[in-house]
Amino acid sequence: MKTNVENIHWCSNCLTMSTRPRITFDTKGWCNACIWTEKKKTLDWDSRQKELEALLNKHRRNDGTFDCIVPVSGGKDGSYVAYNLKHKYGMNPLAVTVTPALRLDLGERNLRAFVESGYNHISINPAHEAMRILNKTGFVEMGFPYYGWLIAIHTAVARAAIGFGVGLIFYGEDGEVEYGGSTETSKNPIYDVHYQKKVYLEGGYERVLEASGVPKQDLYLFRFPGDDELKSYPIQLTHWSYFENWDPYRNYLVAKEHCGLTEATDSNAGTFTNFSQNDQALYALHTYLMYVKFGFGRANQDACIEVRRGAMDRSQAVNLVRLYDGHYPEEFMSLYLEYYQMTQTEFDEVIDRYVNRELFSKVDGRWKPKFTVA
């Protein structure tokens, strides 16, 4: 169905918008993220706990070497997963950070606090210019401003696993299942690199690498291990959210108490929360592009989570989304232009290319919605 202001709608329970990729709704108007929230109340979590213990025991080592990898940014979710693996299940996780571009000071402090709270940790820094070019190419070719980094948090982490001889990687939540999208991993905790390419990299992986023109010698950390390599060094990829009822706010509280996490003093750009996605300035641009493409932004994402976990009613969510969503990240603009090596005109031309003009019109140089969140 073509997207326009006449046929868009929002979940009748939260505020997930019908324009969200891969979203579905039931007959009472609930999105599949809200349906999943209800289903989790009746899931056999004891059975999934046994699945987790079997998976951990399969990879557990007693020789002091690492037995699993957890990608972390210093934020709440990776910290929570690493904390549980180490302290609840007695695993020896290696925490891995792929350093993002335009890192924020708060993110740096939180990552340092996490490491100092007792974790083995490595930072992976792919070639700076290769990362910059891939991020710019992703911005121009896909409207995805940190696409190079998004690639690397999958590919470089897999390379680290092979390098350390570790066969198990734990990411945090399965965003497709938790927030609305594909449900193919809701009954199977293990997925592979082909799923990563298709869903998390939105099918643009090869196209962006080719369009970037980055030399082969600088692309090693941006390339997935091949099938033959993975046969020799098999890796199981999974999400912690499969095994335990996922609660971002609980994760925040645990990370704050045990891993030194601190929140921002003010609410983050484009939303009313202050305790997540504090590591990089490009996230604000990512959520602005999400807004002009689909009609929902960072505040909508956060409000939907709060409604589903019972911390906010729908009317409160509507008010907050109307107040905060669609923030143009003016405060970071000089950083963006310097990083991408673009003029303001060139930058705005890229933004304009991805705007859904059925949903937005330009007023005084800014894109304004034709719709009202309801």
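The residue numbers shown here count from 1 along each chain, following its written sequence. Whole-chain, interface and lining totals are the exception, using all residues; otherwise, since this is a predicted model, local features are given only for residues with pLDDT of at least 70 and side-chain atom pairs are given and counted only at 80 or more. Note: side-chain values were computed over all heavy atoms of the structure, leaving out hydrogens and water.

All right, on to the pairing of strand 4 (residues 168–171) then. Partly exposed residues are those whose accessible area sits between 20% and 50% of the maximum for their type, while under 20% is buried and over 50% is exposed, using a 1.4 Å probe and protein chains only. Per the convention used, a helix needs a DSSP run of H or I reaching at least four residues, while a strand needs a run of E reaching at least two, with both numbered from the N terminus. Of the two faces of strand 4, the one holding Leu168 and Phe170 and the one holding Ile169 and Tyr171 are both buried throughout. Pairing between two strands is assigned when DSSP locates at least 2 bridges connecting them. Of the strand pairs in this sheet, strand 4 and strand 6 (residues 236–239) are connected by four bridges, and their pairing is parallel. Paired with Phe170 across the two strands is Thr238, which belongs to strand 6.

Another aspect to go through is the side chain of Asn300. Along the polypeptide, Asn300 turns up in helix 13 (residues 298–308). Residue contacts for Asn300: discarding those within four places in its chain leaves Leu15, Thr16, Val321 and Asp325. Pairs of residues are marked as contacts when any of their non-hydrogen atoms sit within 4.5 Å.

Take the packing of helix 5 (residues 128–142) against helix 6 (residues 147–164) next. The geometry of helix 5 relative to helix 6 is characterised by a closest axis approach of 6 Å and an angle of 115° between their N-to-C directions. Only Tyr147, Gly148, Trp149 and Ala152 of helix 6 make contact with helix 5, whose side of the interface consists of Met131, Leu134, Asn135, Gly138 and Met142. Taken together, the residues of the contact of helix 5 with helix 6 break down into six nonpolar, three polar and no charged. All axes are obtained by fitting lines to C-alpha atoms, using only the stretch in contact for helices, and the reported angles, taken between N-to-C directions, cover 0 to 180 degrees. Here the term charged refers only to Asp, Glu, Lys and Arg, the term nonpolar to Ala, Val, Leu, Ile, Met, Phe, Trp, Tyr, Cys and Pro, and the term polar to all other amino acids, Gly among them.

The next subject is the packing of aromatic side chains. For this analysis, a ring pair means two rings from Phe, Tyr or Trp (six-membered ring only for Trp) whose centres lie within 6.5 Å, classed as stacked if their planes differ by under 30 degrees, edge-to-face if by over 60, and tilted for the remaining angles. Here the structure, examined in full by the defined rule, presents 26 aromatic pairs. An angle of 65° between the planes, with centres 5.1 Å apart, marks the rings of Tyr205 and Phe224 as edge-to-face. Taken together, the residues span a long stretch of sequence, with Tyr205 in helix 9 (residues 205–212) and Phe224 in the loop between helix 9 and helix 10 (227–232) at a distance of 19 residues. Each of the two residues, Tyr205 as well as Phe224, counts as buried. Ring centres of Tyr288 and Tyr328 lie 5.3 Å apart, and the angle between their planes is 90°; this geometry places the pair in the edge-to-face category. Pair noted here: Tyr288 is in helix 12 (residues 282–294) and Tyr328 is in the loop between helix 14 (314–324) and helix 15 (333–340), with a separation of 40 residues, a long-range link. On the accessibility criterion, Tyr288 (4% relative accessible area) is buried. Relative accessible area serves as the criterion here: at 11%, Tyr328 is assigned to the buried category. Ring pairing ties together the aromatic residues Phe139, Phe332, Tyr336, Tyr339, Tyr340 and Phe347, which thus form one cluster. In this scheme, the term charge over a ring applies when either NZ of a lysine or CZ of an arginine sits within 6 Å of the ring centre and within 35 degrees of the ring normal. The positively charged end of Arg159 is found above the aromatic ring belonging to Tyr220, 4.2 Å away from the centroid.

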